[in-house]
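Structural description and commentary
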Amino acid sequence: MEGIYKIRFQRHFEELHWLYTELYNNDSMFAELCDHLEQFYRERNDGLKARDKAREEEPHWYRQNDLLGMMFYIDNFAGNMKGVKEKLSYIEKCNVNYIHLMPFLETPKGRSDGGYAVSDFRKVQESLGTMEDLEDLTAACHRKGINVCMDFVMNHTSEDHEWAKKARQGDGEYQSRYFFFRDFNEPVLYERTVPQVFPTTAPGNFTWLEDAKHFVMTSFYPYQWDLNYKNPRVFNEMMYNFLYLANQGIDIIRIDAVPYIWKELNTQCRNLPQVHTIVRMMRMISEIVCPGVLLLGEVVMEPEKVAPYFGTLEKPECHMLYNVTTMATTWHTVATRDVSLLKKQLDIVNTLPREYVFLNYLRCHDDIGWGLDYGTLRAQGMEERAHKQYLNDYFQGYAGNSNSRGELYNADPVSGDARFCGTTASMCGIEKAGFEGDGAAMERAVRMDLTLHAYMFMQSGIPVLYGGDEMGQVNDYTYKEDPDKRADSRYIHRGAMNWELAKRITDLDTVEGKLFQGLDRLEKIRRQEKVFVSYADAYTIETWDSSVLCIGREFEGEKLIGLFNFSETDRTAWIHETDGLYVDLLSGREMEASGVDIPAYGCFYLKRKQEGSR
Ligand code: GLC
């Protein structure tokens, strides 16, 4: 054993063994796991080992103010892996140094769920390239200081995965890697307590396999078979897949649908304690073999459920989590022009330990679910169902003087619930203003889009853009012509990058130019100013105007105040900071942070000129 490996292994051995035994009580499988960890370490190339070491010595490397992410589907962005490599200079122009390559592993056509139904964890989809291309791409990214993120879809496999095929043929060993049932007796018990993920596009949590004469558990689509982590073979093999992918040069592993990975009868089958045991083991495994790799948990749940996935400071689980409630609350604020709920949400996030790193975003490849704090809204006289209806009406452009465009997602006729899909630009009114040729409306929409980004950058953590949003790409309705995509409205905001429009990013007379250059300015400020480190002191300030949000950040004596107007009318932020003169970093204007007039959908980044304390 190499010295450094030995140290890392010994650091975690006892706890890892303990947790493994608690879950599996299987020493021979544990011994096999340990052997494989060492083997994956040996196979890891020297460049990656050096990266690991440097990051181990600088554990705060991802908590600074220099990371900016962008996510995209490889085919939509650049055709294939080689194409992405050719586009790295564009990515650099976007100030992006973290790219999330959306699922690219082997997946059956027409039964892929956007790549989230993996049939081979060690093979790249042929149309996108090969494993060698991936290694080549990650190496090229690393040379340019760009980190690479990929999805690790560990909750389920595609029904075309070799395990699933063997299980379908009746092999008991493979059936035990999934949840197989001869009749509906047990599934019906699960259905009593397990909610549905896709109530309209894939109702229920089980699928009948006519050829195998068995039911199989399928929480997502019927072709995505849930893995059974009660079987240590499943855990071990999936850890080997994780390490294999990490060894291709992946820096950030997004653990897809992580709350779902453990199932128990009479529970919701979400966020069970065993899930945390598994994630904790995964964290230790990565710290032993590839400590430069970050774990990003996909926990699309209410705040009380999300934070536990950070683990504790002594026993950490994920390095990073999505700031999902803040994201949804942001759009609620857009539709209501009332910042009070958002202020409350930010206050909750700001009281969490500063070691926690959130991934901040305005939208991603998935729908926006209206997971808001309805307790607070009820106290303000808003009822959940009616409010969701308003939000969905608003964002479809039907209510509330809205300029948004987009579509519902998984509208459930029984509960009346629905989620929402659309690109940031379309939701800000850029699509509508462009279609109607309305210059004034376009100017407002662009301002709103930039203000939302400016506000998003003020949050602690790592901001991630969806590729195309940097130049205002609008909804893509062509998915309706594709029989494989037609039923899933999430494709409306996963359109192909329009490189013709991207030619305009330097032209300030165009929407693309205004957005791209506006974002460029914000991104550069964020990178220059130390107050943007994720562990800075962050708080909200009362503005006494219901539509104006104020966020303060302080670090090492420096102070920055962000003001954001969420309404289409000019407002005044009745703040009164008496600690000196401020300069607006966006306009260069010197001013007082007191009674600030703020135009419709406008924003300020006010930096305190003199030293002093809050
Ligand atoms: C995650 C993905 C989503 C996918 C689901 C099932 O939530 O973000 O796109 O449908 O997992 O894998």
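This text gives an overview of the structure that appears in the document. Here the structure is a predicted model, which means the values were calculated and not measured.

Concerning the site of the ligand
- The environment of the ligand is made up of 13 residues, and the closest members are Asp113, Asp256, Glu298, His365 and Asp366.
- The side chain of Arg254 places a nitrogen or oxygen atom 3.0 Å from an oxygen atom of the ligand.
- Within the side chain of Glu298, a nitrogen or oxygen atom sits 2.8 Å from an oxygen atom of the ligand.
- Taking 310 Å² as the accessible area of the ligand by itself, protein coverage stands at 95%.
- Among the residues forming the shell around the ligand, the class breakdown is three nonpolar, three polar and seven charged.
- Counting only domains with at least three residues in the shell around the ligand, you end up with domain 1 (156–226) and domain 2 (323–535).

Remarks on helix α1 (residues 3–24)
- Between the first and last C-alpha of α1 there are 29 Å, a value that for 22 residues agrees with the 32 Å anticipated at 1.5 Å per step.
- Helix geometry: α1 is bent most strongly at Phe13, by close to 50°.
- If you check which residues of α1 are buried, you get Tyr5, Arg8, Phe9, His12, Leu16, Leu19, Tyr20, Leu23 and Tyr24.
- Buried-residue contacts for α1 involve α2 (27–43), α3 (46–57), α11 (232–246) and α12 (273–289).

Quick word on the nonpolar core
- Of all hydrophobic cores here, the largest spans 193 residues; its most connected members are Tyr229, Trp331 and Tyr605.
- Top contributing element to this core by residue count: helix α20 (residues 439–458), with 12 residues.

Examining the layout of surface pockets
- By volume, the second largest pocket amounts to about 710 Å³.
- Lining the second largest pocket are 34 residues; nearest its centre among them are Ser112, Gly114, Asp484, Lys485 and Tyr491.
- Mapped onto the domain boundaries, the lining of the second largest pocket takes at least three residues apiece from domain 1 (156–226) and domain 2 (323–535).

Here we look at the environment of Val583
- With respect to the helices and strands, the residue Val583 is situated in strand β21 (residues 571–584).
- Spatially, the C-alpha atom of Val583 lies 8.0 Å from that of Tyr605, the residues being 22 residues apart in sequence.

Describing the pairing of strand β20 (residues 558–565)
- Judged by how many residues are buried, β20 sits mostly within the fold: seven of eight residues are covered.
- Across eight bridges, the pairing between strand β19 (residues 548–555) and β20 is antiparallel. When the sheet's bridge partners are listed, Glu554 is paired in β20 with Lys559.
- Between the end of β19 and the start of β20, which pair antiparallel, lie two residues, with Glu556 showing a positive phi angle near 45°.
- Judged from the five bridges that link them, β20 and strand β23 (residues 603–608) form a sheet pairing that is antiparallel. The residue bridging Leu560 from the neighbouring strand is Lys607, located in β23.

Side note on the pattern of salt bridges
- What the rule picks out here adds up to 55 salt bridges.
- Among the ionic pairs, Asp366 bridges to Arg490, the shortest N-O distance being 2.9 Å. On the criterion of sequence distance, the pair formed by Asp366 in the loop between β14 (357–360) and α16 (374–379) and Arg490 in the loop between β17 (462–466) and α21 (499–502) is long-range, its members being 124 residues apart.
- By relative accessible area, which is 15% here, Asp366 ends up buried.
- Across the salt bridge formed by Arg490 and Asp488, the nearest N and O atoms sit 2.8 Å from each other.
- What you see here is one network of salt bridges that share partners, running through Arg111, Glu159, Asp160, Arg168 and Asp211.

Regarding the packing of aromatic side chains
- For the structure shown, the criterion picks out 42 aromatic pairs.
- Judged by centre distance (6.1 Å) and plane angle (40°), the ring pair of Phe152 and Phe242 falls under tilted. Taken as a pair, Phe152 in strand β5 (residues 147–152) and Phe242 in helix α11 lie far apart in primary sequence, 90 residues in all. Each member of the pair, Phe152 as well as Phe242, carries the same accessibility label: buried.
- Ring centres 5.3 Å apart and planes at 90° place the aromatic pair Phe310 and Phe358 in the edge-to-face group. Here Phe358 lies in strand β14 and Phe310 lies in the loop between α13 (303–306) and β13 (320–322), a separation of 48 residues in the sequence. Each member of the pair, Phe310 as well as Phe358, carries the same accessibility label: buried.

Regarding the sheet that holds strand β8 (residues 206–209)
- Ordered in space as β7-β9-β8, the three strands form an open sheet in which the pairing is antiparallel. The open sheet is flanked by β7 (180–181) and β8, the only strands paired with a single partner.
- Pairing geometry for β8 and strand β9 (residues 214–217), over four bridges, is antiparallel. The residue of β9 that forms the bridge with Leu209 is His214.

Considerations on helix α22 (residues 511–528)
- Relative to the 26 Å expected for 18 residues at 1.5 Å per residue, α22 spans 26 Å between its end C-alpha atoms, a close match to the ideal helical length.
- Residues Val511, Glu512, Gly513, Leu515, Phe516, Gly518, Leu519, Asp520, Leu522, Glu523, Ile525 and Arg526 constitute the buried set of α22.
- In the core, the buried residues of α22 are packed alongside α6 (88–93), α19 (430–436), α20, β17, α21 and β23.

Here we look at the sheet that holds β23
- Pairing within the open sheet is antiparallel, and its six strands lie in the order β18-β19-β20-β23-β21-β22. In this open sheet, the two edge strands, each paired with only one partner strand, are β18 (537–540) and β22 (590–598). Each strand axis lies, on average, 15° off the axis of its neighbour in the sheet, ignoring direction.
- Note: β21 against β23, three bridges, orientation antiparallel.

Brief notes about the packing of α1 against α12
- It is the contact of α1 with α12, at a shortest axis distance of 9 Å, that shows an interaxial angle of 160°. One element, α1, and the other, α12, form an angle in the roughly antiparallel class. By crossing handedness, the relation of α1 to α12 is classed as left-handed. Here Tyr5, Arg8, Phe9, His12, Glu15, Leu16, Leu19, Tyr20, Glu22, Leu23 and Tyr24 of α1 come into contact with α12, specifically with Gln274, Thr277, Ile278, Arg280, Met281, Met284, Ile285, Glu287 and Ile288.
- In terms of residue class, the contact of α1 with α12 is made up of 12 nonpolar, three polar and five charged.

How each quantity is defined
By convention here, each chain's residues receive numbers from 1 onward along its written sequence. In view of the model being predicted, local features appear only for residues whose pLDDT reaches at least 70, and side-chain atom pairs are presented and counted only at 80 or more, with totals across whole chains, interfaces and linings using the full set of residues. Only heavy atoms go into the side-chain values, all of them from the structure, while hydrogens and water stay out. Think of it this way: one heavy atom of a residue within 4 Å of a molecule or strand is enough to make that residue near it. Any N or O atom pair separated by 3.5 Å or less is treated as a polar contact, with the protein-specific requirement of one donor-capable and one acceptor-capable atom, and with residues adjacent in sequence counted only for side-chain atom pairs. Working definition of accessibility: Shrake-Rupley area with a 1.4 Å probe, residue cover restricted to the visible protein chains. Charged means Asp, Glu, Lys or Arg here, nonpolar means Ala, Val, Leu, Ile, Met, Phe, Trp, Tyr, Cys or Pro, and polar covers whatever is left, Gly included. Here the limits of each domain have been adopted from an automatic or database domain assignment. Put simply, DSSP H or I for four residues or longer makes a helix, DSSP E for two residues or longer makes a strand, and each gets a number counted from the N terminus. To estimate how far a helix should reach, multiply one less than its number of residues by 1.5 Å. Each residue is assigned a bend, namely the angle between axes fitted to the seven residues that terminate at it and the seven residues that start at it. Burial status follows relative accessibility: with a 1.4 Å probe on protein chains alone, a residue under 20% of its type maximum counts as buried, one over 50% as exposed, and anything between as partly exposed. Any two residues whose heavy atoms approach within 4.5 Å at even a single point are treated as in contact. To form a nonpolar core, buried Ala, Val, Leu, Ile, Met, Phe, Trp, Tyr and Cys residues must be joined to one another through side-chain atoms within 4.5 Å. Think of a 1 Å grid over just the protein atoms. A cavity is a set of points where a 1.4 Å probe fits yet cannot get out, a pocket is an open set with protein on both sides within 12 Å along at least five of seven lines, and lining residues have an atom within 4 Å of a point. Grid points are joined across faces, edges and corners, and a volume is the space filled by probe spheres set on the points. Strands were regarded as paired on the criterion that DSSP finds at least two bridges between them. Put simply, a salt bridge is a Lys or Arg side-chain nitrogen that is within 4 Å of an Asp or Glu carboxyl oxygen. When the centres of two rings from Phe, Tyr and Trp lie within 6.5 Å, Trp using its six-membered ring, the rings pair. Their planes under 30 degrees apart give stacked, over 60 give edge-to-face, and anything left gives tilted. A fitted line through C-alpha atoms serves as each axis, taken over the contacting stretch for helices, and the angle formed by two N-to-C directions is quoted from 0 to 180°. In what follows, roughly perpendicular refers to angles from 65 to 115 degrees, roughly parallel to angles under 35, roughly antiparallel to angles over 145, and oblique to any angle outside these ranges. The handedness criterion is simple: a crossing whose near helix is rotated anticlockwise from the far helix by less than a right angle is left-handed, and one whose near helix is rotated clockwise is right-handed.

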